[in-house]
Amino acid sequence: MSIHTVGVIGAGTMGNGIAQAVAGAGLQAILIDISEAAVSKGISTVSGSLDRLVKKEKISESDKADILGRIKGSTDYADLQAADLVIEAATENYDLKIKILKQIEAAVKPGTILASNTSSISITKLAAQTARPENFIGMHFFNPVPLMALVEVIRGLQTSDATNDTVAELAQKLSKTPVPVKNAPGFVVNRILVPMINEAFFVLAEGVAEAEAIDEAMKLGANHPIGPLALADLIGLDVCLAVMEVYLEEFGDSKYRPAPLLRELVAAGYLGRKTKRGVYAY
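Residues numbered from 1 in each chain as written. Predicted model: local features only at pLDDT ≥ 70, side-chain atom pairs only at ≥ 80, totals over all residues. Heavy atoms only, no water.

Looking now at the UniProt feature "site: Important for catalytic activity" (unreviewed entry) in the chain. Per the UniProt record, the feature "site: Important for catalytic activity" (unreviewed entry) sits at H140. With respect to the helices and strands, the residue H140 is situated in strand β6 (residues 136-141). In this structure H140 comes out as buried when scored by relative accessible area, which is 4%. Ignoring sequence-local partners within four residues, the contact set of H140 consists of S116, N117, T118, S119, L150, V151, E152, I154, F187 and N190. (UniProt positions renumbered as here; feature names shortened; annotations may be inferred. Helix = DSSP H or I, 4+ residues; strand = E, 2+ residues; numbered from the N terminus. Buried < 20%, exposed > 50% of the residue type's maximum accessible area, 1.4 Å probe, protein only. Contact = heavy atoms within 4.5 Å.)

Structure representation (C-alpha cells):
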C-alpha cells in the first residue's frame, strides 16, 4: 500500500512535529484538533520551526511555503476520508485514545491504517478496541520530531505483515529510522528512559544534589546531551507521570512507583516547558 496522505490527531508538540515531517517529505498532512485555536497554534509552531531551518539555510522560503501548503488544519474528522494512514498523537490516556480511535474509524475509508504514537500503552490492547486490528500499529516518534531520527514500529498481536511493512516504509520516506519493537509497556526507549527520569526526581527530593547539579552530572558523567530533569520538563512532567503509572499497573512492580515529587509538581500544574514552569522556570 502506498501512503500519500497522512492524518494526524492532536496538534500539540508531537502532532505538529509529525505533520511537519510528513509535509516535509512531500506528502499531504491533515492536522486535526478539538478547536481552531489548537490547530492554529500547531501550524504556527510548524511555521516557526521552518523559519529556523530557513535561517540556517537548510530550506528556502519557497520550500517553507510548499511544506505549509501541504498541511491542512481542521477540527472535522470527516476530512480524514482522504487519509491513507492516520496517526493518533493525543495525551497519554487510554480512554481518550479509544474515544479518538472510534472517531477516526467512523471517518476513514476501508483499508486505512491506524497508528498510535503512544509512548507506553499496549498496542495489542488498543487494537482490540478497533474494528480493524490487523490495520493497527504503533508508530512512536520522539521529540522533537523534525530532528529525531528514530521511530519505534510496534506490532500488536493482531498487526498484519502488510501494515507493518507499509509503516516501516513510510518512516523511511520521512527520513526516519524504523526500529521494530515487540509490544510491551514503554517499548524500548521509554522503558529505559522514563524510570531513569523518575529516579532523578527521587534523588532531587532526597537532597542528594540540586537540580542543576543532577543534570550537569548526567551530561558529563553519562555523556547525555540533556540532563534527566531538564528532559522531563521538555517531555512534560504529566507525560512522565502517566507513563510511570502505566508501568506500575502493567508490571505490578513497585520499582515503577512514581516519585512523590513528580506527582506533587504535576498536581501543582508545573508540567515543564509547556506551562513555563516545571523543575525549572522558563
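Next up on the list: the nonpolar core. Counting residues in hydrophobic clusters, the biggest one holds 34 residues, and the most contacted among them are V6, I18, L85, I87, M139, F141 and L170. The contact partners of L170, leaving out residues within four places of it in the chain, are I3, V6, L27, L85 and M139. Formed by 23 residues, the second largest nonpolar core is a distinct cluster that contains I30, Y77, I98 and V108. (Core = buried A, V, L, I, M, F, W, Y, C linked by side-chain atoms within 4.5 Å.)

Under the criterion given, the structure shown has three aromatic pairs. Judged by centre distance (6.3 Å) and plane angle (65 degrees), the rings of Y247 and F251 are edge-to-face. Linking Y247 with F251, this pair stays in helix α10 (residues 237-251), spanning four residues, or about one helical turn. Consider the rings of Y247 and Y256, whose centres lie 5.6 Å apart with planes at 70 degrees: the pair is edge-to-face. On the accessibility criterion, Y256 (6% relative accessible area) is buried. (Phe/Tyr/Trp six-rings, centres within 6.5 Å; stacked < 30°, edge-to-face > 60°.)

Below, the discussion takes up the pattern of salt bridges. Per the stated rule, a full pass over the model turns up 10 salt bridges. Ionic pairing is found between D79 and K72, a salt bridge with its closest N-O pair at 3.4 Å. On the basis of relative accessibility, which here comes to 23%, the residue D79 falls in the partly exposed class. For K72, a relative accessible area of 43% corresponds to the partly exposed category. Connected through shared salt-bridge partners, E88, E92 and K97 make up one network. (Salt bridge = Lys/Arg side-chain N within 4 Å of Asp/Glu carboxyl O.)

A separate point is the packing of helix α8 (residues 211-222) against helix α9 (residues 228-235). The contact between α8 and α9 brings their axes to 7 Å, and the two run at 100 degrees. Classified by the angle their axes make, α8 and α9 are roughly perpendicular. Residues A211, I214, D215 and M218 of α8 pack against P228, L229 and A230 of α9. Class assignment for the residues of the contact of α8 with α9 results in six nonpolar, no polar and one charged. (Axes fitted to C-alpha atoms, helices over the stretch in contact; angles between N-to-C directions. Parallel < 35°, antiparallel > 145°, perpendicular 65-115°, else oblique. Nonpolar A, V, L, I, M, F, W, Y, C, P; charged D, E, K, R; others polar.)

This paragraph deals with the domain arrangement of the chain. When the parts of a complex come together, some accessible area is lost, and that lost area is often taken as the interface size. Considered domain by domain, the chain is made up of domain 1 (5-182) and domain 2 (190-273). Taken over C-alpha atoms, the centre of domain 1 sits 26 Å from the centre of domain 2. Across the boundary between the two partners, domain 1 contributes eight residues, which contact seven residues of domain 2. Our count for the contact surface shared by domain 1 and domain 2 stands at zero salt bridges. The class makeup of the residues in the side of domain 1 that touches domain 2 is two nonpolar, four polar and two charged. (Domains from an automatic or database assignment.)

The next subject is the pairing of β6. Of all six residues in β6, six are buried, a share of seventy percent or more. The alternating pattern of β6 places F136, G138 and H140 and I137, M139 and F141 on opposite faces, both of which are buried. With four bridges joining them, β6 and strand β7 (residues 150-155) adopt antiparallel strand pairing. Note on β7: the bridge partner recorded for H140 is E152. (Pairing = 2+ DSSP bridges.)

A few words on the sheet that holds strand β4 (residues 85-88). In spatial order, the strands read β3-β2-β1-β4-β5-β6-β7-β8; together these eight strands make up an open sheet with mixed pairing. Among the strands making up the open sheet, the edge pair consists of β3 (71-74) and β8 (177-182). Pairs of neighbouring strands in the sheet enclose a mean axial angle of 25 degrees, with direction left out of account. Where helix α2 (residues 36-55) meets the sheet, it contacts β2 (28-32) and β3, and its direction lies at approximately 155 degrees from that of β3.

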